[in-house]
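# An overview of the molecular structure
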Amino acid sequence: MNHEVVPDAGHWYRVESGGAASTVRRAAERLGGQLGLGGNRLAELAIVAAELTSNLVKHAQEGVLLLRPVRTADAAGVELVAVDSGPGMADLTVSSRDGHSTTGTLGIGLGAITRQASWYDAWSRPGRGTVFVVQVWAKEVGVTPAWAAGLTRPITGEQVSGDSHAVRTGDGRHQVLVCDGLGHGPLANVAAEAAVAAFRSAPDGPPAAVVTHLHRAMSHTRGAALAVAELDPAAGLLRYAGLGNITGTVLAPDGTRRGLVSLPGIAGHQRPTVRGYDYPFPSGATLVMQSDGVVDRWRAEDYPGLFGRAPVVVAATLLRDAGVRRDDACVLVARTPS
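All of these numbers come straight from a predicted model, not from anything done at the bench.

## So, unusual backbone geometry
Of note, the phi angle at D171 is positive, near 55°, even though the residue is not glycine. Among the structural elements, D171 can be located in the loop between strand 7 (163-170) and strand 8 (173-181). The exposure class of D171 is exposed, given its relative accessible area of 61%. One non-glycine residue, Q270, lies in the positive phi region at around 55°. Tracing the chain through its elements places Q270 in the loop between strand 12 (257-259) and strand 13 (277-280). Take Q270: its relative accessible area is 74%, and that puts it in the exposed class.

## Re the sheet that holds strand 5 (residues 129-137)
Ordered by their spatial adjacency, 5 strands build an open sheet running 1-2-3-5-4, and the pairing between neighbours is antiparallel. Among the strands making up the open sheet, the edge pair consists of strand 1 (11-14) and strand 4 (119-125). Averaged over all neighbouring strand pairs, the angle between strand axes comes to 15°, with direction disregarded. Where strand 1 and strand 2 (residues 64-71) come together, 4 bridges link them in antiparallel fashion. Within strand 2, the position partnered with R14 by the bridge is V64. Packing against the sheet, helix 2 (residues 39-59) makes contact with strand 2, strand 3 (76-84) and strand 5, and its axis sits at approximately 10° to strand 3. Across the sheet, helix 7 (residues 311-322) is in contact with strand 1, strand 2, strand 3, strand 4 and strand 5; its angle to strand 5 comes to roughly 140°.

## Digging into the pairing of strand 14 (residues 286-290)
Sheet faces and side chains relate simply in a regular strand, where the side chains alternate between the two faces. Burial analysis of strand 14 places 5 of its 5 residues in the buried class, which makes it a mostly covered element. Of the two faces of strand 14, the one lined by T286, V288 and Q290 and the one lined by L287 and M289 are each fully buried. As paired elements, strand 14 and strand 15 (residues 329-335) share 5 bridges and run antiparallel to each other. For Q290, the partnering residue across the bridge sits in strand 15 and is V331.

## Concerning the side chain of T249
Take T249: it is sitting in strand 11 (residues 247-251). Among residues more than four places away in sequence, those in contact with T249 are R257, R258, L260, T286, L287, V288, D296 and W298.

## Things to note about the packing of aromatic side chains
By the definition in use, this model includes 3 aromatic pairs. Here W123 and Y303 contribute two aromatic rings whose centre-to-centre distance is 5.7 Å and whose plane-to-plane angle is 50°, an arrangement assigned as tilted. Of this pair, W123 sits in strand 4 while Y303 is found in the loop between strand 14 and helix 7, placing the two residues 180 residues apart along the sequence. For the pair W123 and Y303, one class covers both residues: buried.

## As for the domain arrangement of the chain
With domains assigned, the chain is organised as domain 1 (11-137) and domain 2 (148-335). If you average the C-alpha positions of domain 1 and of domain 2, the two centres end up 27 Å apart. Of the residues lining the interface, 20 residues belong to domain 1; the matching set on domain 2 comes to 22 residues. Summing both sides of the interface, domain 1 and domain 2 together bury roughly 1,500 Å²; the carbon and sulfur share of this comes to 57%. Its largest share of buried area at the contact with domain 2, domain 1 owes to W12, W123 and R128, together 39% of the area lost on that side.

## Quick notes on the nonpolar core
In this structure, L151, F307, V312, V313 and V331 are the most contacted members of the largest nonpolar core, which totals 35 residues. Residue assignment for this core shows that the elements contributing at least two residues are strand 2, strand 3, strand 4, strand 5, strand 6 (148-153), helix 7 and strand 15. It is helix 7 that contributes the most residues to this core, 8 residues altogether. Apart from residues no more than four positions distant in its own chain, V312 is found in contact with R68, E79, W119, V133, A149 and L151. Among the nonpolar cores identified, the runner-up in size contains 28 residues, and A49, A82, I113 and V134 belong to it.

Procedures and definitions
Residues numbered from 1 in each chain as written. Predicted model: local features only at pLDDT ≥ 70, side-chain atom pairs only at ≥ 80, totals over all residues. Heavy atoms only, no water. Helix = DSSP H or I, 4+ residues; strand = E, 2+ residues; numbered from the N terminus. Buried < 20%, exposed > 50% of the residue type's maximum accessible area, 1.4 Å probe, protein only. Pairing = 2+ DSSP bridges. Axes fitted to C-alpha atoms, helices over the stretch in contact; angles between N-to-C directions. Contact = heavy atoms within 4.5 Å. Phe/Tyr/Trp six-rings, centres within 6.5 Å; stacked < 30°, edge-to-face > 60°. Domains from an automatic or database assignment. Buried area = accessible area lost by both parts, 1.4 Å probe. Core = buried A, V, L, I, M, F, W, Y, C linked by side-chain atoms within 4.5 Å.

Have a look at this one:
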């Protein structure tokens, strides 16, 4: 099976002052240089980072930014995910026009971001804050929104997360993984990364067979809760198998929610029962998978227009609003691949 290269966990920065904004800009330039961005693109990346962080400092409440690499088979770039709980914007199109300002500045920030970006998407509502995702690639590529995207965030006080996610495609299969290594910190991270490595190298097969493979491959770790989903556009189905407390939800185009079944157990320990289940997954449906560091109390009707945005924007918004600080947290969102 061929694998899509998805962004790694990256690094979250709290952006509340000009000093933090400078730190993010320098980190973005350093990452861009490592990924081979040339002089012009590196300068444009610096503009994007500076404008995003400036907006967080000026307008945001609880502003944070995720910086991480993105890659395809023959190209690389930098993704910046800016998240805040500030006043939000009623119309992102108007707010992105040069000259529009709510603070008496020149009002060129969002316009500058969109001009330099290889790809961007965003969601904002008054009183609900803003999520803005920007990618700057090393060369011109036909960037389109990924059909699946996830984000993780470590528990407060830790540098690495025990939660992780992965995506793979090939031989007609489109599969995703969310896993939650037991506990927190480095050992939980080792378990989660072992699950990701085993997932990427697993033989072709339905989710139940992949989960069984992961269980066997993780016997040297402390174990993890995990779930694997497969989107089958031809059949209009979602196939799903899970162990432990990973929550899976199918959101139908009409907003109806359906929970997915995970069986009790810990991958890598004992001999758990593994079983796969099939669910209807019509065109326009959305899959949301989350670890237990994300509370399952979000409602689609509270987010008008969100579920029409790119999966990474949806995942970032749900992580912002439903993620808890006393646990590692992970959200993955997927839609029918085009």
